[in-house]
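Chain residues, written in single-letter form:
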Amino acid sequence: PITVTSTNGFSGYKIGLILTLENTISSNYNLTNASSGTINFSGEKSIGIQIFAPGFSADVVALNEGNIVMNGKDSYGMKISSQITPANSKFENTSTGTITVGGAGGNSSGMAKLTDVNFDSGNLVKNNGIINVSGDKNSGMFLKSDNNDIFTSTNKINVTGGNDNAGMRIESNAGTAGIQKGVN
């Protein structure tokens, strides 16, 4: 397990698993938190699994089969931070996966694709597992996009306690040509 908790020191700004582009890669890339795996961060601005590889042109498979727990503001269980090839890629909380977001401060999400990622992801982002949301101003799935994107949840997003929480949150800019949709 990857666990960072601290009451006496700095525990934020952590990433459990990340795809970054440092060298030319022409093959597919797999990034998995296995069913026996746990990523647990209590600090702000932390990410369980992140795709940040501008210019990466191969397929990416990013899966959470285990547990991801984020208890700090501005944190994400799984986050797409750059363009990938969506045709044969996967970005999924699988049927055995659980993502939990909570804590004070808010603005955290179980799964996210944000505006700075300028590509049509289609139906790439999927929750087939369980996402638990608590605290304040947090969300299970967060899409902030100007592109054609569909977020799909075939299982549960549990929202308990707190204020201003959401199961799915979708934002787009006025006059956007793309279509953003959440399917539950």
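In this report, we go over the structure that sits alongside the text.

## Examining the pairing of strand β10 (residues 98-101)
Sheet analysis places strand β7 (residues 67-70) next to β10, joined by four bridges and oriented parallel. From the neighbouring strand, Asn67 faces β10, where its bridge partner is Thr98.

## Some thoughts on the nonpolar core
Nonpolar side chains in soluble globular proteins tend to end up buried together. Of all hydrophobic cores here, the largest spans 28 residues; its most connected members are Ile51, Phe91 and Met111. Of all hydrophobic cores here, the second largest spans five residues; its members include Tyr76, Ala112, Leu114 and Phe142.

## Some thoughts on the environment of Thr94
One can find Thr94 in the loop between β9 (90-93) and β10. Sequence separation of Thr94 and Asn64 is 30 residues, and the distance between their C-alpha atoms is 6.0 Å. Apart from residues no more than four positions distant in its own chain, Thr94 is found in contact with Leu63, Asn64, Glu65, Asn128 and Gly129.

## Details of a nonpolar patch on the surface
On the surface, Ile15, Ile18 and Phe52 cluster together into a nonpolar patch covering about 230 Å² of accessible area. Tracing the chain through its elements places Ile15 in strand β2 (residues 15-20). Given a relative accessible area of 39%, Ile15 falls into the partly exposed group.

## Describing the pattern of salt bridges
Evaluated as defined, the whole model comprises two salt bridges. In this structure, the salt-bridge partner of Glu171 is Arg169, at a minimum N-O distance of 2.4 Å. Here Glu171 falls in the partly exposed class, since its relative accessible area comes to 26%. According to the relative accessible area criterion, Arg169 is partly exposed, its value standing at 30%. What emerges from the salt-bridge pattern is a single network uniting Lys144, Arg169 and Glu171.

## Quick look at unusual backbone geometry
We note that Lys137 has phi near 60°; this positive angle belongs to a residue other than glycine. Counting through the fold element by element, Lys137 comes out in the loop between β13 (130-133) and β14 (139-144). Of note, Asp164 is a non-glycine position whose phi angle comes to about 60°, a positive value. Along the chain, Asp164 turns up in the loop between β16 (156-159) and β17 (166-171). The exposure class of Asp164 is exposed, given its relative accessible area of 61%.

## Let's talk about the sheet that holds β2
If you walk across this open sheet you meet the six strands as β2-β5-β8-β11-β14-β17, and the pairing is parallel. Two strands close off the open sheet at either side, each with one partner strand: β2 and β17. With direction set aside, neighbouring strand axes in the sheet form an average angle of 5°. Alignment of strand β5 (residues 47-52) against strand β8 (residues 76-80), held across four bridges, turns out to be parallel. Each bridged residue has a counterpart across the sheet, and for Ile47 the counterpart in β8 is Tyr76.

## Structural notes on the packing of aromatic side chains
Using the criterion set out here, one finds zero aromatic pairs in the structure. Directly above the ring of Phe142 sits Arg169, whose terminal nitrogen or CZ lies 4.2 Å from the centroid.

Calculation criteria
Residues numbered from 1 in each chain as written. Predicted model: local features only at pLDDT ≥ 70, side-chain atom pairs only at ≥ 80, totals over all residues. Heavy atoms only, no water. Pairing = 2+ DSSP bridges. Helix = DSSP H or I, 4+ residues; strand = E, 2+ residues; numbered from the N terminus. Core = buried A, V, L, I, M, F, W, Y, C linked by side-chain atoms within 4.5 Å. Buried < 20%, exposed > 50% of the residue type's maximum accessible area, 1.4 Å probe, protein only. Contact = heavy atoms within 4.5 Å. Patch = residues over 30% accessible without salt bridge, like charges linked within 9 Å, V, L, I, M, F, W, Y side chains within 5 Å. Areas by Shrake-Rupley, 256 points an atom, 1.4 Å probe, with all protein chains shown as cover. Salt bridge = Lys/Arg side-chain N within 4 Å of Asp/Glu carboxyl O. Axes fitted to C-alpha atoms, helices over the stretch in contact; angles between N-to-C directions. Phe/Tyr/Trp six-rings, centres within 6.5 Å; stacked < 30°, edge-to-face > 60°. Lys NZ or Arg CZ within 6 Å of the ring centre and 35° of its normal.

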